[in-house]
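Reading the structure
So you can see what is in the structure, the chains are spelled out below.
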Amino acid sequence: MSWQRASIQAAANYLRERINAGATDPRTKVVYEGLLEVLDPSRRATRLQREMADAAKSAVAVQPSRERRANERRGYEERRRANHGPSSGVERRRGIDRRSGRDRRSGG
């Protein structure tokens, strides 16, 4: 495995030299970082944790704005909490449509 590690280190050194010489394209930097992660797996775990933490922070920032928009739509009052009292209209259901007193689940 030593020849593989030496080859990866040589490639990483070459890319580092290219970056120091002015190669600023993202692909070169990504390949360089990938080679370093192969050499040191804990580096990859650290990067993934950092990315997940950043994603969690950005997800939390969205929640208050959603709540604020929901309150603006409702006019700061929930419809279910308001008590409007009994309806003043005519009953739509006729007596025949209303449930009888018997239990409908008994099948009889």
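Anyway, here's the lowdown on the structure attached to this text.

Cut-offs applied
- Residues numbered from 1 in each chain as written.
- Predicted model: local features only at pLDDT ≥ 70, side-chain atom pairs only at ≥ 80, totals over all residues.
- Heavy atoms only, no water.
- Helix = DSSP H or I, 4+ residues; strand = E, 2+ residues; numbered from the N terminus.
- Buried < 20%, exposed > 50% of the residue type's maximum accessible area, 1.4 Å probe, protein only.
- Contact = heavy atoms within 4.5 Å.
- Expected span 1.5 Å × (residues − 1).
- Core = buried A, V, L, I, M, F, W, Y, C linked by side-chain atoms within 4.5 Å.
- Salt bridge = Lys/Arg side-chain N within 4 Å of Asp/Glu carboxyl O.

**Regarding the overall build of the chain**
Helix and strand counts for the chain stand at 3 helices and 0 strands. Listing each helix as α and each strand as β along the chain from the N terminus yields α-α-α. Among the 108 residues that make up the chain, the fraction classed as buried is 10%.

**A look at the side chain of T28**
Mapped onto the elements of the fold, T28 is located in helix α2 (residues 26–39). Residue T28 is classed as buried on the basis of its relative accessible area, which comes to 10%. Residues within four places of T28 in sequence aside, it is in contact with L15 and I19.

**Considerations on α2**
In this model α2 runs 20 Å from its N-terminal to its C-terminal C-alpha over 14 residues, within 8% of the 20 Å that 1.5 Å per residue would give. Taken residue by residue, α2 has T28, Y32, L35, L36, E37 and L39 as its buried positions.

**Describing the nonpolar core**
Core analysis: the biggest nonpolar cluster contains 5 residues, these being A12, L15, Y32, L35 and L36. Elements supplying a minimum of two residues to this core: α1 (2–21) and α2. It is α2 that contributes the most residues to this core, 3 residues altogether. Residues within four places of Y32 in sequence aside, it is in contact with A12, L15, R16 and I19.

**Quick notes on the environment of E37**
Residue position: E37 is located in helix α2. Looking at E37, the relative accessible area reads 12%, which means it is buried. It is 9.2 Å that separates the C-alpha atoms of E37 and R47, two residues lying 10 residues apart in sequence. Apart from the residues within four sequence positions on either side, E37 is in contact with R43, R44 and R47.

**Remarks on the pattern of salt bridges**
Applying the stated rule across the entire model yields 3 salt bridges. For E33, the salt bridge identified is with R43, shortest N-O distance 3.1 Å. Separated by 10 residues along the polypeptide, E33 in helix α2 and R43 in helix α3 (residues 41–74) bring together distant segments of the chain. In this structure E33 comes out as partly exposed when scored by relative accessible area, which is 33%. One salt bridge in this structure joins E51 and R47, with 3.0 Å as the shortest N-O distance. Here R47 and E51 lie together in helix α3, a separation of 4 residues that amounts to about one turn. Given a relative accessible area of 24%, R47 falls into the partly exposed group. Here the salt bridges share partners, and the residues they tie into one network are E37, R47 and E51.

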